[in-house]
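# Inside the fold
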Amino acid sequence: MLQKIIRLILENHTIIIHRHVRPDPDALGAQHGLATIIQESFPEKRVYTVGEEDMRLQFIGKSDEIPDEVYQDALVLILDTANRERISDERYTLGKMRVKIDHHPTRDTYAEVVWVDATYAATSEMIYQLYIEAKPYGFRLSQNSAEKIFAGIIGDTGRFLFPSTTKRTFETAMGLLQTGMRTTPIYDRLYETDMSILRLNGYIMQNFERVSKEVLVVRITKEVLDKFGLEPIDASNTTNEIGNLHGVKAWVTFIEESKGIRVRLRSKGPIVSDLAAEYHGGGHKLASGATIDSWDTAKELVAKLIRICDTYCKTD
Ligand code: AMP
């Protein structure tokens, strides 16, 4: 599959790279890392990145504004996106062919060519693997592209902390470091935060609820967001510190948005992705999300999470 994708990249002159909405460092690292690799290796190609921006992550890369006509003869690569509803910029359908590259478990096959492998810690790690396989065909990895890929891996592994981190992840980091890139500026940019977000984290630490021995709940209502002068998107990177509380197996954060309530599930063992899927969400086994319609549904979801953790602890 990888060889097929490399061939498609080599054969196409115009390449447009998409990723998911509400981009995180992995989505952007994979997108801009791959775009930079292709553009620097083949300057004659026209390579574009699209999707709505997150100001705080613009240091990884900025999107291009392109007219619809560019899609006519373009190869479209869609990265880090499990299902079509989450693809940022719906014009991906206009391209002449689509390729999906993702490390989330398969939910939707929206592309003609698919490389999905949930054993990778990050889609950015897959992009490095693509580069390794493509090296004999003239693909080059610069310090610039390595930094983007590294940012993606750091984001999705929580600085090599999450259990998704493998020997391959560290080998990838080693390969990236061999370009001469420096890690400190990336860490500084990724973890730089605003006063209001720090204050919100303080609120979370003070106000989370322990609904059972194993389960914690955080509710970030519109009122709370207003109090800190924040938008729902700002709560995308709030602290996971509460998960360190002794005995805790899983925690859920609810964030009230203009339409619905966003659910962010995290676990230290029990599988939570099936619960997210029950509410039309998805993600990884231990880190997933969904959007629900009401606080009553939130209550129901919490009850189910308690049962999941209970069963897990009895059988563990
Ligand atoms: P987050 O809590 O937003 O950091 O998301 C954790 C994981 O769940 C990520 O891998 C997301 O791709 C996935 N995820 C979050 N929200 C949704 C959703 N509404 N539908 C599908 N997957 C989601």
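Structure: above.
All values reported here derive from a predicted model rather than from experimental measurement.

Take the pattern of salt bridges next. As enumerated under the stated definition, the model contains 17 salt bridges in all. The salt bridge involving Arg-19 is made with Glu-52; its shortest N-O contact spans 3.5 Å. Placement of Arg-19 in the loop between β1 (14–18) and α2 (25–41) and of Glu-52 in the loop between β2 (46–49) and β3 (74–79) is noted, with a sequence separation of 33 residues between them. The exposure class assigned to Arg-19 is buried, which follows from its relative accessible area of 0%.

The next point concerns the pairing of β3. Most of β3 sits out of view: six of its six residues are buried. Across the two faces of β3 the burial is the same, with Ala-74, Val-76 and Ile-78 and Leu-75, Leu-77 and Leu-79 all buried. Pairing between β1 and β3: five bridges, direction parallel. When the sheet's bridge partners are listed, Thr-14 is paired in β3 with Ala-74. Pairing geometry for β3 and strand β4 (residues 97–102), over five bridges, is parallel. Residue pairing across strands places Ile-78 opposite Lys-100, the latter belonging to β4.

Around the ligand, the structure places 14 residues, and the nearest of them are His-104, Arg-262, Arg-264, Arg-266 and Gly-282. A distance of 3.2 Å separates an oxygen atom of the ligand from a polar atom in the side chain of Arg-86. When the ligand sits alone it has 480 Å² of accessible area, and the protein chains cover 84% of it. Secondary-structure elements contributing two or more residues to the shell around the ligand are β9 (261–267), β10 (282–283) and β11 (287–292). A total of four residues in the shell around the ligand trace back to one element, the largest contributor, which is β11. For the shell around the ligand, the per-class residue count stands at two nonpolar, seven polar and five charged.

On to the environment of Arg-56, then. By the secondary structure assignment, Arg-56 is in the loop between β2 and β3. By relative accessible area, Arg-56 is classed as partly exposed at 36%. Expressed as a C-alpha distance, the spacing of Arg-56 and Arg-189, which sit 133 residues apart in the sequence, is 8.6 Å.

A few words now on the sheet that holds β3. Strand order in the open sheet formed by five strands is β2-β1-β3-β4-β5, with parallel pairing between adjacent strands. Whereas interior strands pair on both sides, the edge strands pair on one side only; in this sheet they are β2 and β5 (113–116). Across this sheet, the average inter-strand angle for adjacent strands is 15 degrees, counted without regard to direction. Here helix α1 (residues 2–11) sits on the sheet and contacts β1, β3, β4 and β5; the angle it forms with β5, its principal contact strand, is near 130 degrees. The sheet strands contacting α2 are β1, β2 and β3, and the helix crosses β2 at an angle near 170 degrees.

On to the nonpolar core, then. In this structure, Ile-9, Ile-38, Leu-77, Ile-101, Leu-130, Phe-139 and Leu-176 are the most contacted members of the largest nonpolar core, which totals 46 residues. Once you skip the residues sitting within four places of it in the chain, Ile-9 turns out to touch Ile-15, Ile-38, Lys-45, Leu-75, Leu-77, Leu-130 and Phe-139. Of all hydrophobic cores here, the second largest spans 19 residues; its members include Leu-275, Tyr-279, Ala-290 and Val-302.

This structure, assessed with the given rule, holds 10 aromatic pairs. For the pair Phe-42 and Phe-139, a centre-to-centre distance of 5.2 Å together with 75 degrees between the ring planes defines the contact as edge-to-face. Placement of the pair is Phe-42 in the loop between α2 and β2 and Phe-139 in the loop between α3 (123–134) and α4 (143–157), with a sequence separation of 97 residues. Under the relative-accessibility criterion, Phe-42 is labelled buried at 11%. An aromatic cluster of at least three residues, connected via ring pairs, comprises Phe-150, Phe-160, Phe-170, Tyr-187 and Tyr-191. Here the guanidinium or amino end of Lys-45 rests over the ring plane of Phe-42, the centre of that ring lying 5.5 Å away. The ring of Tyr-191 carries Arg-159 above its face, with NZ or CZ at 3.8 Å from the centroid.

This brings us to the sheet that holds strand β6 (residues 209–210). Ordered by their spatial adjacency, six strands build an open sheet running β6-β7-β8-β9-β11-β10, and the pairing between neighbours is mixed. Edge strands, defined here as strands with exactly one partner in the open sheet, are β6 and β10. With two bridges connecting them, β6 and strand β7 (residues 215–220) associate as antiparallel partners. In the strand pairing of β7, Glu-209 is matched with Val-217. Against the sheet, helix α10 (residues 295–315) makes contact with β7, β8 (250–256), β9 and β11, and its axis sits at roughly 170 degrees relative to β8, the strand it touches most.

On to the environment of Ala-82, then. Assignment of secondary structure puts Ala-82 in the loop between β3 and β4. Once the C-alpha coordinates of Ala-82 and Arg-19 are considered, the two residues, 63 residues apart in sequence, prove to be 9.8 Å apart. Sequence-distant contacts of Ala-82, that is, excluding residues within four places in its chain, are made with Lys-100, Asp-102, His-104, Pro-105, Arg-107, Asp-108 and Tyr-110.

Rules of the game
- Residues numbered from 1 in each chain as written.
- Predicted model: local features only at pLDDT ≥ 70, side-chain atom pairs only at ≥ 80, totals over all residues.
- Heavy atoms only, no water.
- Salt bridge = Lys/Arg side-chain N within 4 Å of Asp/Glu carboxyl O.
- Helix = DSSP H or I, 4+ residues; strand = E, 2+ residues; numbered from the N terminus.
- Buried < 20%, exposed > 50% of the residue type's maximum accessible area, 1.4 Å probe, protein only.
- Pairing = 2+ DSSP bridges.
- Near = heavy atom within 4 Å.
- Polar contact = N/O pair within 3.5 Å; in protein donor to acceptor, adjacent residues only side chain to side chain.
- Areas by Shrake-Rupley, 256 points an atom, 1.4 Å probe, with all protein chains shown as cover.
- Nonpolar A, V, L, I, M, F, W, Y, C, P; charged D, E, K, R; others polar.
- Axes fitted to C-alpha atoms, helices over the stretch in contact; angles between N-to-C directions.
- Contact = heavy atoms within 4.5 Å.
- Core = buried A, V, L, I, M, F, W, Y, C linked by side-chain atoms within 4.5 Å.
- Phe/Tyr/Trp six-rings, centres within 6.5 Å; stacked < 30°, edge-to-face > 60°.
- Lys NZ or Arg CZ within 6 Å of the ring centre and 35° of its normal.

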